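An overview of the molecular structure
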Amino acid sequence: MSVAKIALVGCGNPARRWHLPTLSELAKRGVIEFVALCDLDEVLAAESGGKYGVPHYTDIDEMLDRHQDIMAVDIVTGDPTHHVIARQIAERGKHVMVEKPMAITRGCCDVIIDACRRNGVHFEVAENYFRMPKQRMILDLIDRGILGEIVRVYFVEAKARNPFEPTVTHRGLTRPLSKFGNSSGMCMDMGSHRLSQLRLYAMSEPRQISGTVRRYRSSAEFVHEDWAHAMIDFESGAVGVYETSRLGESLHYYQITGTQGSICDDDWSGPAIPLRLQVGDGMEDVPVEFERHRVDGVDVLSRIVVHTDPEIVYVNPFRECAIDDWSVGHAAEIMSLANAALNDEAPEYGLAARQDVEMAMAIYESSLNGTAPVKLPIEGMTSYERMLHEDYRERFGRSFDAA
Ligand SMILES: NC(=O)c1ccc[n+]([C@@H]2O[C@H](COP(=O)([O-])OP(=O)(O)OC[C@H]3O[C@@H](n4cnc5c(N)ncnc54)[C@H](O)[C@@H]3O)[C@@H](O)[C@H]2O)c1
């Protein structure tokens, strides 16, 4: 059986935690070939190459020259580099996958899309959250209409990383907008996951977003927001609420409310689905079981069984691999890239990731305009994106779309 030959670029934290072990496990099971890896940092590249037994490089072009059989590349580098590295690799005729968020603006997303179209290759985005077993089961329940028509979706993710201090003041977005480091701001960092989840829960396209984005703490090191709140109107009439915070009180939950039932959960990846359905005049809990087994010492999910009548079952497609629930999301995205490369199949998420970026851009833009609603799809470049492109040119000495 022929399998896709995949390489990885960027051996930092997310690669070492999730991508590298998952690529290695899938290769061990014979469903892909893990050909080579690359990081600018020689020590990191050598460490990862040694650990997983693949050749390592510090230069992408050298890796692609030496291994002409590479079909696709998993790019696990920082957000501001996604469009540059993806274009470089697409120009070499290889399929690409970038980590989330797809890129730092819609203009940067389009650099990837255009390069892939011109070179006849596919692109995937490593949005992993909706691909995790529990989230797949929830999306299946929504899709089957078990909750009825979805009317309200919430994702509230207030983490108390920092207390409010007496010195905090109300600040909106100020320049510079980004340091172009590991985070592109909370609405883009965890936001791209959450906006994806909200859109998928609503099973509808966003048509309007109002938001406010605040940076309360004063620190030269910290230019991003530490709090944001957004209201999303979906085509279907459903309404979405997104809140993210790194200071003050802690509160974490997501809620999906339909005309026939709801899921209200404070642990989106934990081993339970608190499903309540309308029965007669009241609401009843529906039991949900998570069945597990072990593979090579790893606790692996076998199935999730929802005890409706008839039962609804999710079967873990990676149940024979030593891959935990979290990394099932990464395994699925890698297989999406592999299938695109091997069978010319459209990747599972791809362009949808641009919509997550677009939703985040709408939040920032609304905030710059005093929470004025932003209509989607957004026409033209937002003032937020224009400023970010100016800051990018200042920082890197070239336009965001320079060849
Ligand atoms: N899906 C998730 O759950 C999840 C979790 C964490 C991070 N991420 C995403 O993963 C990406 C990487 O995260 P990070 O920035 O914190 O990682 P990081 O800074 O720890 O690692 C990035 C690595 O890429 C290497 N690199 C950069 N440019 C390169 C180039 N041209 N050639 C070769 N190597 C290069 C760097 O040397 C570094 O080792 C980000 O986009 C982030 O948003 C996703």
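Every value quoted in this text rests on a predicted model; they were computed, and no experiment measured them. (Residues numbered from 1 in each chain as written. Predicted model: local features only at pLDDT ≥ 70, side-chain atom pairs only at ≥ 80, totals over all residues. Heavy atoms only, no water.)

**Concerning the sheet that holds strand S16 (residues 298-306)**
Note the cut-off: Between any two strands, pairing holds if DSSP finds at least two bridges. Each helix corresponds to a stretch of at least 4 residues labelled H or I by DSSP, and each strand to a stretch of at least 2 residues labelled E; elements are numbered beginning at the N terminus. To get an axis, fit a line to the C-alpha atoms, keeping to the stretch in contact for a helix; angles then go from 0 to 180 degrees between the N-to-C directions. Contact between two residues is taken to exist if any of their heavy atoms lie within 4.5 Å; hydrogens are not considered.
Read across the sheet, 3 strands follow the order S15-S16-S17 without closing on themselves; strand pairing throughout is antiparallel. The open sheet terminates on both sides in strands that have one partner only, identified here as strand S15 (288-295) and strand S17 (312-315). Each strand of the sheet is rotated relative to its neighbour by a mean of 25°, with strand direction disregarded. Two strands pair when backbone bridges link them, and S16 and S17 are joined in this way by 4 bridges, in the antiparallel orientation. For Ile304, the partnering residue across the bridge sits in S17 and is Tyr314. Those strands touched by helix H6 (residues 133-143) are S15, S16 and S17, and its axis lies near 145° from that of S17.

**As for the site of the ligand**
To keep it simple, the criterion reads: Note on definitions. A residue lies near a molecule or strand when any single heavy atom of the residue is within 4 Å of it. Between N or O atoms, a polar contact is any pair within 3.5 Å; within protein, one atom must be a potential hydrogen donor and the other a potential acceptor, and residues adjacent in sequence are included only when both atoms are from side chains. All accessibility values rest on the Shrake-Rupley procedure with a 1.4 Å probe; residue burial counts only the protein chains present in the view. For this scheme, ten residues count as nonpolar: Ala, Val, Leu, Ile, Met, Phe, Trp, Tyr, Cys and Pro. Four count as charged, namely Asp, Glu, Lys and Arg, and the remainder, Gly too, count as polar.
The full set close to the ligand counts 24 residues, and Asp39, Asp79, Lys100, Asn128 and Asn182 are the nearest of them. Contact between the ligand and Asn13: an oxygen atom at 3.0 Å from a main-chain N or O atom of the residue. Within the backbone of Thr77, one N or O atom sits 3.2 Å away from an oxygen atom of the ligand. When the ligand is considered free in solution it has 860 Å² of accessible area, and contact with the protein chains removes 81% of it. When residues of the shell around the ligand are traced back to their parent elements, those giving at least two are helix H1 (13-28) and helix H4 (82-90). Counting residues per element, the shell around the ligand draws most heavily on H1, at 3 residues. Considered class by class, the residues forming the shell around the ligand number 11 nonpolar, 9 polar and 4 charged.

**Here we look at the pairing of strand S10 (residues 239-247)**
To be explicit about the condition: Only protein chains enter the area calculation, which uses a 1.4 Å probe; residues under 20% of their type maximum are buried, those over 50% are exposed, and those in between are partly exposed.
Across the 9 residues of S10, 8 count as buried, placing the element largely inside the fold. Bridge count for strand S7 (residues 150-162) against S10 is 8 bridges, and the pairing is parallel. Each residue of the ladder has a partner; that of Ala158, found in S10, is Ser245. Both strand S9 (residues 227-234) and S10 contribute to a ladder of 7 bridges, which runs antiparallel. Within S10, the residue paired with Trp227 across the bridge is Ser245. With antiparallel pairing between neighbouring strands as the criterion, S9 and S10 make up a hairpin whose turn holds 4 residues, including Gly237 at a positive phi of roughly 100°.

**Some details on the sheet that holds strand S12 (residues 261-265)**
In a beta sheet, neighbouring strands are held together by backbone hydrogen bonds and run either parallel or antiparallel to one another. Read from one edge to the other, the open sheet built from 9 strands follows the order S14-S13-S12-S11-S7-S10-S9-S8-S18, with strand pairing classed as mixed. The outermost strands of the open sheet, each flanked by one partner alone, are strand S14 (282-286) and strand S18 (374-375). Taken together, the 4 bridges between strand S11 (residues 251-258) and S12 define a ladder with antiparallel strand orientation. When the bridges of S12 are listed, Thr257 appears paired with Ser262.

**Remarks on the packing of aromatic side chains**
The description of an aromatic ring pair rests on the distance of the ring centres and on the angle between the ring planes. Definition in use: Between the rings of Phe, Tyr and Trp (Trp by its six-membered ring), a pair exists once the centres lie within 6.5 Å; its type follows the angle of the planes, with under 30 degrees stacked, over 60 edge-to-face, and the other angles tilted.
Within the structure shown, the criterion is met by 12 aromatic pairs. Consider the rings of Tyr129 and Trp268, whose centres lie 4.4 Å apart with planes at 20°: the pair is stacked. Placement of Tyr129 in the loop between strand S6 (123-126) and H6 and of Trp268 in the loop between S12 and strand S13 (275-279) is noted, with a sequence separation of 139 residues between them. When sorted by exposure, Tyr129 lands in the same class as Trp268, which is buried. Taking the centre distance of 4.6 Å and the plane angle of 50° together, the rings of Tyr392 and Phe396 count as tilted.

**Side note on the packing of helix H5 (residues 106-119) against helix H9 (residues 352-368)**
Condition: The scheme is simple: roughly parallel for angles under 35 degrees, roughly antiparallel for over 145, roughly perpendicular for 65 to 115, oblique for anything else. Helix crossings fall into two classes, left-handed where the near helix is turned counterclockwise from the far one by less than a right angle and right-handed where it is turned clockwise.
Two elements in contact, H5 and H9, have axes whose closest approach is 9 Å; the angle formed by their N-to-C orientations is 165°. The angle between H5 and H9 falls in the class roughly antiparallel. Viewed along their axes, H5 and H9 form a crossing whose handedness is left-handed. Contacts between H5 and H9 pair Arg106, Cys109, Asp110 and Ile113 from the former with Arg354, Val357 and Glu358 from the latter.

**Quick notes on the environment of Val223**
The residue Val223 is located in the loop between strand S8 (206-214) and S9 in this model. As a C-alpha pair, Val223 and Leu177 span 46 residues in sequence and 6.3 Å in three-dimensional space. Beyond its immediate stretch of four places on either side in the chain, Val223 contacts Pro176, Leu177, Ser178, Lys179 and Arg215.

**Topic: the pattern of salt bridges**
Our working rule: For this analysis, a salt bridge means a side-chain nitrogen from Lys or Arg found within 4 Å of a carboxyl oxygen belonging to Asp or Glu.
Scanning all chains against the criterion turns up 27 salt bridges. Lys28 is the partner of Glu25 in a salt bridge, and the nearest nitrogen-oxygen pair spans 3.7 Å. Residue Glu25 and its partner Lys28 are both found in helix H1; the two are separated by 3 residues, about one turn of the helix. The closest approach of N and O atoms between Asp65 and Arg92, which form a salt bridge, is 2.6 Å. With a gap of 27 residues between them, Asp65 in helix H3 (residues 60-66) and Arg92 in the loop between H4 and strand S5 (95-99) connect regions that are remote in the sequence. Asp65 gets classed as partly exposed once you look at its relative accessible area, which sits at 44%. Relative accessible area serves as the criterion here: at 30%, Arg92 is assigned to the partly exposed category.

**Some points on the state of the cysteines**
Definition in use: What counts as a disulfide here is a pair of cysteine sulfur atoms lying within 2.5 Å.
With the rule as written, the count across this model stands at 0 disulfides. Counting only cysteine sulfurs, Cys11 is the nearest neighbor of Cys38, a cysteine outside any disulfide, at a range of 7.5 Å. By relative accessible area, which is 2% here, Cys38 ends up buried.

**Some details on the domain arrangement of the chain**
Just so we agree on the cut-off: Reported domain spans reflect what an automatic or database domain assignment gives. The term buried area means the drop in 1.4 Å probe accessible area that two parts suffer when joined, counted for both and summed.
Once the domains are mapped, the chain shows domain 1 (4-127 + 337-347) and domain 2 (130-326). The centre of domain 1, based on its C-alpha atoms, is set 27 Å off from the matching centre of domain 2. Residue-level contacts link 15 residues of domain 1 with 20 residues of domain 2. Summing both sides of the interface, domain 1 and domain 2 together bury roughly 1,400 Å²; the carbon and sulfur share of this comes to 52%. The largest share of the area that domain 1 buries against domain 2 comes from Arg29, Lys100 and Glu127, three residues that together contribute 39% of it. Applying the counting rule to domain 1 against domain 2 returns 4 salt bridges. The salt bridge partner of Asp189 is Lys100, with a shortest N-O separation of 2.9 Å.

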